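A closer look at the structure
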Amino acid sequence: MRTVIFDLDGTLADTSGDLLAAANACFRQMGLGDVLSHPQDAGVALRGGRMMLAHGLKRANQFSEATVDEFYPVLLAAYRDAIDLHSVMYPGAMEAVEVLKSAGFGVGICTNKPEALADQLMRSLGVRDAFASLVGADTLPVRKPDPEPLFEAARRAGGDPARTLLVGDSDTDRTTSANAGVPSVLVTFGPSGDDMAVLKPEALLHRFEDLPEVAERLIA
Ligand SMILES: O=C(O)COP(=O)(O)O
Ligand SMILES: [Mg+2]
């Protein structure tokens, strides 16, 4: 079976508001106040928790790897406790998933969020059961851009890993698909949308409505 595998943050859902709130909880605990703000810092938020901490610490001239290491678990705990206050699926995402499934594609998720958090978020947004697989940063010993989590997400969705497509929003996703030898589609509706063309994916996706047609074209 052919599969379409989705990245989560910045692709299926705009999670930037809750991610920034969790990072700011850390910065307040450090006595730095709310260092990051929405929407200016949404792009860095979608790159993951450690990136957000590093970015905020640098802005406050307090950066060290040790501080990032120390506060990453604090950030994850704060995020877990308030994961769905601001997060929303992007328009048309779930409609595209349903059209893909009707056309015979398997659908799954490959994210660099820890699996439990990704699962919790998808459940609280009411969409977890629409996806046949969910592979997170800690599901396997390796994470994106290693191709194995993408292959695993395809396999767990009942598909052939060689006949898959990754829909993402970052250079990590682009590199993952290149390492896997499969096509990638990068979405342009997120905060870093203008940077996507530079990464030369097989296709850019301006709206989810176009995805079924793109998947038909790109997956043999
Ligand atoms: O948490 C991250 O590092 C980014 O998550 P994503 O892979 O779903 O975009
Ligand atoms: Mg992403």
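Residues numbered from 1 in each chain as written. Chains lettered and ligands numbered in written order. Predicted model: local features only at pLDDT ≥ 70, side-chain atom pairs only at ≥ 80, totals over all residues.

In the nomenclature of an unreviewed UniProt entry, the protein chain corresponds to phosphoglycolate phosphatase from the organism Leisingera daeponensis. Of the protein chain, the UniProt comment under Sequence similarities (unreviewed entry) reads exactly: "Belongs to the HAD-like hydrolase superfamily. CbbY/CbbZ/Gph/YieH family." UniProt's Catalytic activity (unreviewed entry) comment on the protein chain is quoted here verbatim: "2-phosphoglycolate + H2O = glycolate + phosphate". (UniProt positions renumbered as here; feature names shortened; annotations may be inferred.)

**Observations concerning the site of ligand 1**
All residues in the neighbourhood of ligand 1 are listed as D7, L8, D9, G10, G48, T111, N112 and K113. Looking at the shell around ligand 1 residue by residue, the class counts come to 1 nonpolar, 4 polar and 3 charged. (Near = placed C-beta within 6 Å. Nonpolar A, V, L, I, M, F, W, Y, C, P; charged D, E, K, R; others polar.)

**Notes on the sheet that holds strand β8 (residues 203-205)**
Spatially, the 6 strands line up as an open sheet ordered β5-β4-β1-β6-β7-β8, and their pairing is parallel. Each edge of the open sheet carries a strand with a single partner, namely β5 (133-135) and β8. Across the sheet, the axes of successive neighbouring strands diverge by a mean angle of 25°, strand direction being ignored. Where strand β6 (residues 164-168) and strand β7 (residues 184-187) come together, 3 bridges link them in parallel fashion. (Pairing = 2+ DSSP bridges. Helix = DSSP H or I, 4+ residues; strand = E, 2+ residues; numbered from the N terminus. Axes fitted to C-alpha atoms, helices over the stretch in contact; angles between N-to-C directions.)

**Focus: unusual backbone geometry**
Glycine aside, residues mostly have negative phi angles, and peptide bonds mostly take the trans form. The step from H38 to P39 runs through a cis peptide bond, and the omega angle for that step is 10°. Structurally, the position occupied by P39 is in the loop between α1 (16-29) and α2 (42-45). The omega torsion across K144 and P145 is 10°, close enough to zero to call that bond cis. Tracing the backbone shows P145 in the loop between β5 and α7 (148-156). Phi is positive for N61, which is not a glycine, with a value near 55°. By the element assignment, N61 lies in the loop between α3 (49-59) and α4 (65-81). Given 7 C-beta atoms within 10 Å, N61 falls into the exposed group. (Buried ≥ 20, exposed ≤ 12 C-beta atoms within 10 Å, placed from the backbone.)

**Side note on the domain arrangement of the protein chain**
According to the domain assignment, the protein chain contains domain 1 (3-14 + 87-218) and domain 2 (16-81). Measuring from the centre of the C-alpha atoms in domain 1 to the corresponding centre in domain 2 gives 25 Å. Counting residues at the interface gives 13 residues for domain 1, matched by 12 residues for domain 2. (Domains from an automatic or database assignment. Contact = placed C-beta atoms within 7 Å.)

**Quick word on the packing of α1 against α4**
Interhelical geometry of α1 versus α4 gives an angle of 130° and a closest axis separation of 8 Å. In terms of their interaxial angle, α1 and α4 are classed as oblique. Judged by the sense of rotation from one axis to the other, the crossing of α1 with α4 is right-handed. The segment α1 lies against α4, with D18, L19, A22, A23, A25, C26 and Q29 engaging F71, V74, L75, A78 and Y79. Grouping the constituent residues of the contact of α1 with α4 by class yields 10 nonpolar, 1 polar and 1 charged. (Parallel < 35°, antiparallel > 145°, perpendicular 65-115°, else oblique. Left-handed = near helix turned anticlockwise from the far one by under 90°.)

**Re α1**
Counted at 1.5 Å a residue, the expected span for α1 with its 14 residues is 20 Å, and the 20 Å between its end C-alpha atoms agrees. Of the positions making up α1, those classed as buried are S16, D18, L19, L20, A22, A23, N24, C26 and F27. Of the surrounding elements, those touching the buried residues of α1 are β2 (13-14), α2, α3 and α4. One or two positions beyond α1, positive phi appears at G31, with a value near 80°. (Expected span 1.5 Å × (residues − 1).)

**Remarks on α3**
Taken residue by residue, α3 has G49, M52, L53, G56 and L57 as its buried positions. Buried residues of α3, seen end-on, are gathered within an arc of 125° and therefore sit on one face of the element. Elements that come into contact with the buried residues of α3 comprise α1, α2 and α4. (Arc of directions from axis to C-beta.)

**Examining the environment of E209**
Among the secondary structure elements, E209 is positioned in the loop between β8 and α9 (211-218). Along the chain, E209 and S124 lie 85 residues apart, while their C-alpha atoms are 24 Å from each other. Excluding residues within four positions of it along the chain, E209 makes contact with G92 and A96.

**As for the pairing of β7**
Neither face of β7 is open: one carries S184 and L186, the other V185 and V187, and all of them are buried. Viewed along the sheet, the connection from β6 through helix α8 (residues 171-180) into β7 turns out right-handed. With 3 bridges joining them, β7 and β8 adopt parallel strand pairing. Paired with V187 across the two strands is L205, which belongs to β8. (Right-handed = clockwise from strand over helix to strand, strands pointing away.)

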